[in-house]
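A look at the structure
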Amino acid sequence: MKEKPLYYAIRKMNYEQLDRFANRIRKYIYETVKKNTGHLSSNLGTVELTLALYRVFDPEKDIIIWDTSHQAYIHKLLTGRWHSFSTLRQRHGISGFTNINESKYDYFGAGHAGTSVAAALGYELGFRSQNINKNVIAIFGDGAMTSGMILESLNQLKSINSKIKIILLNNEMSISPNVGALAKMLNKIRISTDYFSLKEKIKVSLESTDVGQDIENALKKVKDGIKHTVYNNALGVFEDMGIKYYGPVDGHNIKELEKYLEFIKNYKDGPCILHLKTIKGKGLDFAEKNPTKFHGVNNKKTTSTSYSKVVGYTLKNIASKHNFIAYTAAMEEGTGLNILKEKYPEKVIDFGITEPSIVTAAGATRLAGLFTVVDIYSTFMQRAFDSIIHDIALQKIPVLFLLDRAGIVGEDGPTHHGVFDISYLRLIPNIEILTPLNAQDLANMIFTSFEKDLNKPTFIRFPRGGEYLNVDEIIANLKIVDYSWKIIKRGNDKNIIFVVGQLVEEYKKLWEELDATIIGVRNIKNIDEHILQLYLKDNINVITIEENSLKGGFNEEIKSYILKKKIKCSLHTFGIKDEFVPQGTRKELLNEFVVKPDEIKKLLYSTEKIK
Ligand SMILES: Cc1ncc(C[n+]2csc(CCOP(=O)(O)OP(=O)(O)O)c2C)c(N)n1
Ligand SMILES: CC(=O)[C@@H](O)[C@H](O)COP(=O)(O)O
Ligand SMILES: [Mg+2]
C-alpha cells in the first residue's frame, strides 16, 4: 500500500512539536539499524536539517540530491517510506541509499561518494535547455567534499552560470576524522564560530565587572584576528569560485536553519553554498562519543575475525621488518589499517575519498624505492580503473593492492558489491590477480609479497566476512607460498569443480558432500596448466564457481582452455549473470546468485549431466 508522505505534516508543527518529532525519528532509526544493520551516526546528524529543508523546499518539485546518501534515512521517512522503513536493507526491502526506482523523491541514486554536484549540474543543464525552472539542491558531507568528483564539479559552477544550491554538512568526520587542507579550513571556521557563541555567554555573565570588561576587550582582539584569517579564507575558497557563501550555521537548530534555507532559496544570482556545522551521532550519547564506531551498525553478534583484521595484523607484523607505506581512501577502520596505524602511524596514509589519486601516488611511491600497499574496497576501486591501467600496469609498477569486500557485501547492496573486479582486472596486461582460499592463505600471500618482493602489480582480492580463528596463530604460521591452485578434495574425476578463492572456505561443508573433485583457484591470470592437463578430459562435467560477474570472470579462462584444447566436456558456470545483485544478507545472496547449492547438486546427480 502506498504511504502518504509526512513532509506535509511537519509544515504544520510548531518548534516544540518538531523537537519531539526529531526525537521520535532518532529512536526509530536507532531501533531499525540495530535490527537490520545500517548507517547510524551520519543520519543522526541530518535530522534537523531534513525537517527544516522539507518545510522550506518542496521535495515534490525541487530536485534534492543527497551525496553518498547514507545520511538520507530521514528523507526516506518523510517521503512516503515511514512504515516500509522497517524493512531497511533487507532482501526486497527499502534500500539504505537513494534509489530512483524506489521513490520519485529520490532524484539520483548513490552509494559511492562525490556524485551529488555533478548530478545537480546535469539536472540543471537538462532543465535549462527545456526552459524548466526548478530549484536544484546538492547536499554533501565534508568527507565527500574532498573527493575529486565534487571538486571537479564545483569548478564548473560559475562558468556554466549555474544556480544550484549546495548544502555542506561539516561534522569534521568522514568515517574517521577528515583529512587534508580543506577539512582543516572548515574545522577552523567551526572553531571560530564556537568562539563567537562562547564569547556571547561570557559577555552576559561578566559584562558588569571590570574583570569582565578586560576579558571582553581581549576577546575582541582575538575575534578580529580570527575573523580576518579564518572567515576570509572560508569565503575566499567558495566565493573565488563564484559560489555565494552562507554560514556557518548550527545544523541542529531548526529555526535558524529555516532562516538560512530561505536565504539560499531566494538567492537567484548564481550558485550558493550553505555551510552547516553538524554533529555526527547527534542526540545519542554513545554515537556522539564514538561516531566512527556507529557510522555503520552491524547486528551480527559474531566472534569471527574479519579478513580486514587479518590484513591489519599481518601488516603490523611485517612492519617490524619491512619499510613500506599503506594507502587508504578514507577507510582506515573498514580495511583494518587502523591496527597497523596504532603501532606504526607513519606507515598509514589516508588521502580521503580519492581513489584514483591514491593509486597513482602509490605507483610513484614505489618508483621512489619504497614497498607500497594500496588497500581499497573492490567497489570503490572501480573509480581508479584508469589509474590502474595508465599509471600502474602500463609502467609495470609492482604495487601490492589489497581489494577488500571483493564479492557480495550484503546489506549495502548493488552499489557496494565487489563483483566486477576480476572482470575489470583480467583484461589488463602485466598484472597478477590472487584469490586466497582462506585467512591463512591471505596472510601468507601478503607475507610472500614482502619477503620475495613483487615483480608486477599484484591484486589480492578477498570478501567481506571472516573466520573463527586466532590471529596470533595466523601470524605464527606465516610462510612463503607459491600461487598454484590446490586440490581441495579428490573425488569423482568425472565431476571437476573449480572454486575461486575464499568460497572454498565458506562452503567447505558443501564440497565435502559432493561426489566431485574440488580445485581451489588461487590465481586468476596465470592458470595452473599442470592441473588443467591432469583433470580436464573428454566426457566429464566441469563446473566453475566464482563470486564475480560471469562476464569477464574466471570461467572465461577455463572456457578458452577447453576450446583451445578441443576438450569435449560440459561446462557449467556459476557466478553473477548479466545483472546487478540486490541487497540482502551475504549468505542469502551467495546462495541465490552465486553458489546455488541445489542447482549444483541437481547438475551432478541428474542422469543427463554429461552433454
Ligand atoms: C567512492 C567512495 N569511497 C569511499 C566510500 C565510503 N564512505 C561512505 S560514507 C564515507 C564518509 C563520508 O563522509 P561525509 O561525506 O563527511 O559524510 P558523514 O558520514 O560525515 O555525514 C565514506 C568514506 C564511498 N561511499 N564512496
Ligand atoms: C556508505 C559506505 O559506503 C560505507 O559506509 C559502507 O557502508 C561501509 O561498509 P562496511 O561495513 O563494509 O565497511
Ligand atoms: Mg562528514
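Rules and cut-offs
- Residues numbered from 1 in each chain as written.
- Chains lettered and ligands numbered in written order.
- Predicted model: local features only at pLDDT ≥ 70, side-chain atom pairs only at ≥ 80, totals over all residues.
- Heavy atoms only, no water.
- Near = heavy atom within 4 Å.
- Polar contact = N/O pair within 3.5 Å; in protein donor to acceptor, adjacent residues only side chain to side chain.
- Areas by Shrake-Rupley, 256 points an atom, 1.4 Å probe, with all protein chains shown as cover.
- Domains from an automatic or database assignment.
- Pairing = 2+ DSSP bridges.
- Helix = DSSP H or I, 4+ residues; strand = E, 2+ residues; numbered from the N terminus.
- Axes fitted to C-alpha atoms, helices over the stretch in contact; angles between N-to-C directions.
- Contact = heavy atoms within 4.5 Å.
- Phe/Tyr/Trp six-rings, centres within 6.5 Å; stacked < 30°, edge-to-face > 60°.
- Buried < 20%, exposed > 50% of the residue type's maximum accessible area, 1.4 Å probe, protein only.
- Lys NZ or Arg CZ within 6 Å of the ring centre and 35° of its normal.

Topic: the site of ligand 2
Taken together, His39, His70, Phe97, Gly111, Ile175, His295, Tyr377, Phe380, Arg405, Asp412, His416 and Arg464 form the complete shell of residues around ligand 2. In the environment of ligand 2, an oxygen atom lies 2.6 Å from a nitrogen or oxygen atom belonging to the side chain of Tyr377. Relative to its unbound accessible area of 360 Å², ligand 2 is 84% covered by the protein chains. A domain split of the shell around ligand 2 shows at least three residues from each of domain 1 (7-177 + 243-289) and domain 2 (305-476).

Regarding the sheet that holds strand 20 (residues 570-576)
Across the sheet, five strands lie side by side as 16-18-17-19-20; this open sheet has mixed pairing. Two strands lie at the open edges of the sheet, namely strand 16 (486-489) and strand 20, each paired on one side alone. Averaged over all neighbouring strand pairs, the angle between strand axes comes to 25°, with direction disregarded. Bridge count for strand 17 (residues 495-500) against strand 18 (residues 517-521) is five bridges, and the pairing is parallel. In the sheet register, Val500 faces strand 18, and the bridge partner there is Val521. Against the sheet, helix 26 (residues 586-594) contacts strand 19 (541-549) and strand 20, and its axis sits at roughly 145° relative to strand 20. The strands touched by helix 27 (residues 597-605) are strand 17, strand 19 and strand 20; relative to strand 19, the strand with the most contacts, the crossing angle is about 165°.

What to know about the sheet that holds strand 14 (residues 458-461)
Pairing is parallel across the open sheet formed by six strands, whose spatial order is 10-9-11-12-14-13. Two strands bound the open sheet, and with one partner strand each, they are strand 10 (348-350) and strand 13 (432-434). Each adjacent strand pair in this sheet contributes to an overall mean axis angle of 20°, direction not counted. Contacts from helix 16 (residues 355-367) reach strand 9 (324-328), strand 11 (371-377) and strand 12 (400-404), with the element oriented near 165° to strand 11.

Topic: the packing of aromatic side chains
This structure, assessed with the given rule, holds 26 aromatic pairs. With a centroid separation of 6.0 Å and 70° between ring planes, the pair formed by Phe420 and Phe580 is classed as edge-to-face. In this pair, Phe420 is assigned in the loop between strand 12 and helix 19 (421-426) and Phe580 in the loop between strand 20 and helix 26, connecting sequence segments 160 residues apart. Phe580 sits in the exposed class, given a relative accessible area of 62%. With a centroid separation of 6.3 Å and 50° between ring planes, the pair formed by Tyr507 and Trp511 is classed as tilted. With respect to burial, Tyr507 and Trp511 carry one shared label: buried. Over the ring of Tyr507 we find Lys587; its NZ or CZ atom is 4.0 Å from the centre of that ring.

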